[in-house]
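Here's the letter readout for the chains.
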Amino acid sequence: LRADWDQLVRDPLVSPRLAVAWAPVRLSGAKFSAGIGLFHDALNLRTLSQHLDQRSISLFFGRDGRPTAPPLETLFLVDETRLRVPGYRNLSLGLEQSLGRGFHGRITYLNKRGRRGFTFMPLEERGRENRFGLFNARNDHYDALEITARRTFRGQYEWLAGYTRSSARADAVLEYSLEDPIFAEQA
């Protein structure tokens, strides 16, 4: 069990974790393992302090070189009292087996689910302001399956082959910032 205190969002962070490994006597050379845990990433101060940074003013020009609209001001708003620390649940399952003739195989599955991740979302326009607010609105999904085979020759030379199939999805992938202005909704 790990416990932390976060001064920025003023939340106690409790991160329980559990892992087990089992090597059954009847299945010589086999080992089963599993683990599950709740994790909290360190907060990104750049994201949390973006509202203290400068504002951006964008001008859009037509082909003739004349402005097509009045200047658009981009600014970021952060209300720290409404934010919660993002959390992740990690689950892993594994099987290792001696395959004979010095070969060892392993198959591992990793499942990671993130909730309440930080992301800036567009707010309603107020005049010619392009406003973004920081919310706990991002959800992440990651799955991976890894298969490996290895063998050690003459006690010192190791050969390893592996294959990983993974998939990552999120519902808020755009990184809004002053340096790289984006004028679109999250996708």
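Residues numbered from 1 in each chain as written. Predicted model: local features only at pLDDT ≥ 70, side-chain atom pairs only at ≥ 80, totals over all residues. Heavy atoms only, no water.

*Asks:* Sorry, what's going on with the environment of Y157 here?
*Replies:* Note that Y157 resides in strand 10 (residues 157-170). Within the structure, Y157 has its side chain in polar contact with the side chain of Q156 (distance 3.1 Å). (Helix = DSSP H or I, 4+ residues; strand = E, 2+ residues; numbered from the N terminus. Polar contact = N/O pair within 3.5 Å; in protein donor to acceptor, adjacent residues only side chain to side chain.)

*Asks:* How should I be thinking about unusual backbone geometry in this particular structure?
*Replies:* Note on backbone geometry: most residues besides glycine have negative phi, and most peptide bonds are trans. Phi at R101 is positive, roughly 55°, even though this residue is not glycine. Checked against the element boundaries, R101 lands in the loop between strand 7 (87-100) and strand 8 (103-122). You can call R101 exposed: its relative accessible area is 75%. Backbone geometry at R116 places phi at a positive 60°, although glycine is not the residue there. (Buried < 20%, exposed > 50% of the residue type's maximum accessible area, 1.4 Å probe, protein only.)

*Asks:* I tried to follow the environment of A149 on my own but got confused; where do I start?
*Replies:* Mapped onto the elements of the fold, A149 is located in strand 9 (residues 129-153). By relative accessible area, A149 is classed as partly exposed at 23%. Along the primary structure A149 and L99 are separated by 50 residues, whereas in three dimensions their C-alpha atoms are 9.0 Å apart. Every residue in contact with A149, bar those within four places of it in the chain, is listed here: H104, G105, W159, L160 and A161. (Contact = heavy atoms within 4.5 Å.)

*Asks:* Would you explain a nonpolar patch on the surface in this entry?
*Replies:* The grouping of W22, L27, F32, L95, I107, L145, I147 and Y163 at the surface amounts to a nonpolar patch, some 740 Å² of accessible area in total. Turning to its location among the elements, L27 is positioned in the loop between strand 3 (17-22) and strand 4 (30-39). Judged by relative accessible area, which is 44%, L27 ranks as partly exposed. (Patch = residues over 30% accessible without salt bridge, like charges linked within 9 Å, V, L, I, M, F, W, Y side chains within 5 Å. Areas by Shrake-Rupley, 256 points an atom, 1.4 Å probe, with all protein chains shown as cover. Salt bridge = Lys/Arg side-chain N within 4 Å of Asp/Glu carboxyl O.)

*Asks:* What is the right way to read the packing of aromatic side chains from this model?
*Replies:* Taken as a whole, this structure holds four aromatic pairs when the rule is applied. When the centroid spacing of 4.9 Å and the interplanar angle of 75° are considered together, the rings of F76 and F120 count as edge-to-face. Linking F76 in strand 6 (residues 72-77) with F120 in strand 8, this pair joins segments that are 44 residues apart in sequence. Given a relative accessible area of 5%, F120 falls into the buried group. Residues F76 and F132 carry aromatic rings whose centres are separated by 5.4 Å and whose planes lie at 20° to one another, so their mutual orientation is stacked. Of the two residues, F76 sits in strand 6 while F132 sits in strand 9, which places them 56 residues apart along the sequence. (Phe/Tyr/Trp six-rings, centres within 6.5 Å; stacked < 30°, edge-to-face > 60°.)

*Asks:* What is the right way to look at the side chain of T148 in this model?
*Replies:* Mapped onto the elements of the fold, T148 is located in strand 9. Its relative accessible area of 9% is what places T148 among the buried residues. Leaving out residues up to four positions away in the same chain, T148 has contacts with H104, G105, R106, A161 and G162.

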